[in-house]
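Structure at a glance
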Amino acid sequence: MLTVVFGVPFVFLAWSALSSRFGWAAGDPHGYGMIFGTFLALVTGILLALVIPLVFRRVLRPTAYLWSMLGYLAVATGLIVALVTA
């Protein structure tokens, strides 16, 4: 349940930030969608990375935490690079 609660806003906010960066300029002329979308996507993303491994059995959780954090770092790096290079 927590995966859905944190996952849906994360996907929406990351989409908002990236569509603001790479989309049509008139849709977000001041860049607030990109700025706030990136910040809030990073916050919800770390929460999502912490709850996704809870789906797995206790034996597999350390590996799931590793892959979850590596995935979060990859997405966070992409979002930050998109924000800084705008």
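Please refer to the structure placed before this passage.
Residues numbered from 1 in each chain as written. Predicted model: local features only at pLDDT ≥ 70, side-chain atom pairs only at ≥ 80, totals over all residues. Heavy atoms only, no water.

Secondary-structure assignment places Thr44 in helix H2 (residues 32-51). Only 3.4 Å separates the side chain of Thr44 from the backbone oxygen of Ala41, close enough to count as a polar contact. Residues within four places of Thr44 in sequence aside, it is in contact with Phe6, Pro9, Phe10 and Leu13. (Helix = DSSP H or I, 4+ residues; strand = E, 2+ residues; numbered from the N terminus. Polar contact = N/O pair within 3.5 Å; in protein donor to acceptor, adjacent residues only side chain to side chain. Contact = heavy atoms within 4.5 Å.)

Helical geometry note: an α-helix holds 3.6 residues per turn, so side chains three or four residues apart project in the same direction. The terminal C-alpha atoms of H2 lie 28 Å apart, and with 20 residues this matches the ideal 28 Å at 1.5 Å per residue to within 8%. Taken residue by residue, H2 has Met34, Gly37, Thr38, Ala41, Leu42, Thr44, Gly45, Leu48, Ala49 and Val51 as its buried positions. Packed against the buried residues of H2 are helix H1 (2-22) and helix H3 (61-84). (Expected span 1.5 Å × (residues − 1). Buried < 20%, exposed > 50% of the residue type's maximum accessible area, 1.4 Å probe, protein only.)

Right, let's get into the packing of H2 against H3. Viewed as axis vectors pointing N to C, H2 and H3 meet at an angle of 175 degrees, and their least axial separation amounts to 9 Å. With respect to their mutual orientation, H2 and H3 come out roughly antiparallel. Contact with H2, carried on its side by Met34, Ile35, Thr38, Ala41, Leu42, Gly45, Ile46, Ala49 and Leu50, involves Tyr65, Ser68, Met69, Tyr72, Ala76, Leu79, Ile80, Ala82 and Leu83 of H3 and no other residues of that element. Along the lines of polarity and charge, the residues of the contact of H2 with H3 split into 15 nonpolar, 3 polar and no charged. (Axes fitted to C-alpha atoms, helices over the stretch in contact; angles between N-to-C directions. Parallel < 35°, antiparallel > 145°, perpendicular 65-115°, else oblique. Nonpolar A, V, L, I, M, F, W, Y, C, P; charged D, E, K, R; others polar.)

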